[in-house]
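Here's the letter readout for the chains.
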Amino acid sequence: MWLIGSWVLLYILSILTLLFGVNRLRVSRNTKKMMAIDEISVVIPFRNEAHNLEQFLECIYAQRYQPAQWIFVNDHSSDSYIDLFKEMDAFPIRLLHLPEEQRGKKRAIRFGMDHVRTEYCLTMDADVSFGKEYMKSMLMLPEAELIILPVEMTGKHWWQSFFTLEYLFTTLLNKGIAGWARPVNCSGANLLIHVSSFDQVDDIDDHDHILSGDDIYTLRAFRGSGKRIEIVENEALKVETETPETISEVMEQRVRWVGKTNHVADSLNNFLGIWAVGLHLYYFLLLIITFFAGVYWLTFLIIAFKFGMDFMLVKMDKKKPSSFDLMGLGLFELFYPVYLFALLAYLMVSQPEWKGR
């Protein structure tokens, strides 16, 4: 019983640390200032994403306020993307093409930023969608050189609920730790960057060979230079991105994320990852011991306890979790340790690609 008691204590302390951390983040925000929307340019790199660009452009056309420019950077696409840019004259949209000698999302972002003439640059992914009040909500933001804006992963299939919850826990972990110390993660799908500060700290030569990770390397560069970094929670500023359509695509995505996290070498982030994995493997061990000992009621009690603790964490982000969220939470409690082993195996045998490269 001491094994169960020690895990319960460790898990309660971990969840309470995150809960109080999120609350600390919310009550200790910097004073917001008025942001001039015409001082924001948006850079959207894309490669063979005509199917995503159609939805993205519809979001632009629905905006009540427009930034200085929407700068799309084509990374050598071979699909029919050009047909979508028909209403460019009616909106501040600019289409750029990455030079032949350059490749990849990181280079596309920097090429786009070379054409930015505003104080701030917002980076977004071509596969996100956002509400019509999105740009208007940019009017009030905290003073910072790097502003992490909310991203939510969505899905349509029942099995995707597992991965949407996993991503949600990652964002909650980031906010919880930021309440006590600093952010350890961000997403380039919705990231506001002070342009002159970026020019000062950019260290792309150190990580240009990594497939993805423009976001987390930017975070590392700003953090290492002592720049002010803020996390913003605002439903109107949230962008949504869909979970990949197949499990193999999801696993490739996660392997890329693990790869860039290891290369960033953030000791706090690495510690948190090891702590989370350790707690869940400990949890899995308790399930195995109690189940094969025939103490099924105790196995069920452990699962129910963890479900309840994790539900409290989910409620910090979602006041009214949907049935999809609850399904994902149930799958998470049952299969997350198995997923960790599968991810490790996939990491050892896979060679993940990024946009066909």
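Relevant structure appears above.
Next up on the list: the pattern of salt bridges. A full pass over the atoms with the stated rule returns 23 salt bridges. For Lys238, the salt bridge identified is with Glu152, shortest N-O distance 2.6 Å. Of this pair, Lys238 sits in the loop between β11 (229-231) and β12 (239-242) while Glu152 sits in strand β9 (residues 151-154); the two residues are 86 residues apart in sequence, bridging distant segments of the chain. For the pair formed by Lys238 and Glu152, the shared burial category is buried. When the shortest N-O distance is used, the salt bridge between Lys175 and Glu233 registers 2.8 Å. Here Lys175 is found in helix α4 (residues 160-180), whereas its partner Glu233 is found in the loop between β11 and β12, with 58 residues between them in sequence. Ionic contacts of the salt-bridge type, sharing partners, join the residues Glu152, Glu235, Lys238, Lys318 and Asp325 into one network.

We note that Asn48 has phi near 50°; this positive angle belongs to a residue other than glycine. With respect to the helices and strands, the residue Asn48 is situated in the loop between β2 (40-46) and α2 (50-61). Even without glycine at this site, His76 takes up a positive phi of about 60°. Structurally, His76 can be placed in the loop between β3 (69-74) and β4 (93-97).

As a further point, take the pairing of β3. Burial analysis of β3 places five of its six residues in the buried class, which makes it a mostly covered element. Sheet topology places β2 next to β3; six bridges connect them, and they run parallel. Note on β3: the bridge partner recorded for Phe46 is Asn74. At this point the chain moves from β2, through α2, to the parallel β3, and the crossover so formed is right-handed. Direction of pairing for β3 relative to β4: parallel, over a ladder of five bridges. Opposite Ile71, over in β4, you have Arg94 as the bridge partner.

Let's shift gears to the sheet that holds β12. Pairing is mixed in the open sheet, where three strands are placed in the order β6-β12-β9. The sheet is open, and its two borders are formed by β6 (128-130) and β9, each paired with just one other strand. Put simply, the sheet's adjacent strands are angled 35° from each other on average, direction ignored. In the sheet, β6 pairs with β12 via three bridges, with the strands oriented antiparallel. Across the sheet, Phe130 pairs through a bridge with Val239, a residue of β12.

A few words on the packing of helix α9 (residues 296-314) against helix α10 (residues 323-349). Where α9 contacts α10, the axes come no closer than 10 Å and their chain directions differ by 130°. Comparing their axes, α10 and α9 come out oblique. The hand of the α9/α10 crossing is right-handed. Seen from α9, the contacting residues are Ile303, Lys306, Phe307, Asp310 and Phe311; seen from α10, they are Leu326, Leu329, Gly330, Phe332, Glu333 and Leu334. A breakdown of the residues in the contact of α9 with α10 according to their chemical character gives seven nonpolar, one polar and three charged.

Let us look at the packing of helix α8 (residues 267-292) against α9. At a minimum axis separation of 7 Å, α8 and α9 run at an interaxial angle of 155°. In this view, α8 runs roughly antiparallel relative to α9, as classed from their interaxial angle. Here α8 and α9 pass one another in a crossing that is left-handed. Residues His280, Tyr283, Leu286, Leu287, Thr290 and Phe291 of α8 form the contact with α9, whose participating residues are Tyr296, Leu298, Thr299, Ile302, Ile303 and Lys306. Tallied by class, residues from the contact of α8 with α9 come to eight nonpolar, three polar and one charged.

Let's shift gears to the nonpolar core. In summary, soluble globular proteins display a tendency toward joint burial of nonpolar side chains. Within the largest apolar cluster, 41 residues are counted, with the highest numbers of intra-cluster contacts made by Trp70, Phe72 and Met124. Secondary structure elements with two or more residues in this core: β2, α2, β3, β4, β5 (120-124), β6 and β9. Dropping the residues within four chain positions of it, Met124 is found in contact with Val42, Val43, Ile44, Pro45, Phe56, Trp70, Phe130, Tyr134, Gly188, Ala189, Asn190 and Val239. Counting 38 residues, the second largest nonpolar core, distinct from the first, contains Ile177, Leu279, Val314 and Met316.

Let us now look at the packing of aromatic side chains. For the coordinates displayed, the defined rule picks out 27 aromatic pairs. Between Tyr61 and Phe91, the ring centres sit 4.7 Å apart and the planes meet at 40°, which makes this aromatic pair tilted. On the criterion of sequence distance, the pair formed by Tyr61 in helix α2 and Phe91 in the loop between β3 and β4 is long-range, its members being 30 residues apart. Phe91 carries the same exposure label as Tyr61, and that label is buried. Ring geometry for Phe162 versus Tyr336: centroids 6.5 Å apart, planes at 35°, classification tilted. Residue Phe162 is located in helix α4, and its partner Tyr336 is located in helix α10; the two are separated by 174 residues in the primary sequence. This pair shows no difference in class: Phe162 is buried, exactly as Tyr336 is. Every member of this aromatic cluster is reached through a ring pair, and the members are Phe46, Phe56, Trp70, Phe72, Tyr81, Phe85, Phe130 and Tyr134. The ring of Tyr283 has Lys306 lying over it, and the distance from NZ or CZ to the ring centre is 5.1 Å.

Reading the values: the criteria
Residues numbered from 1 in each chain as written. Predicted model: local features only at pLDDT ≥ 70, side-chain atom pairs only at ≥ 80, totals over all residues. Heavy atoms only, no water. Salt bridge = Lys/Arg side-chain N within 4 Å of Asp/Glu carboxyl O. Helix = DSSP H or I, 4+ residues; strand = E, 2+ residues; numbered from the N terminus. Buried < 20%, exposed > 50% of the residue type's maximum accessible area, 1.4 Å probe, protein only. Pairing = 2+ DSSP bridges. Right-handed = clockwise from strand over helix to strand, strands pointing away. Axes fitted to C-alpha atoms, helices over the stretch in contact; angles between N-to-C directions. Parallel < 35°, antiparallel > 145°, perpendicular 65-115°, else oblique. Left-handed = near helix turned anticlockwise from the far one by under 90°. Contact = heavy atoms within 4.5 Å. Nonpolar A, V, L, I, M, F, W, Y, C, P; charged D, E, K, R; others polar. Core = buried A, V, L, I, M, F, W, Y, C linked by side-chain atoms within 4.5 Å. Phe/Tyr/Trp six-rings, centres within 6.5 Å; stacked < 30°, edge-to-face > 60°. Lys NZ or Arg CZ within 6 Å of the ring centre and 35° of its normal.

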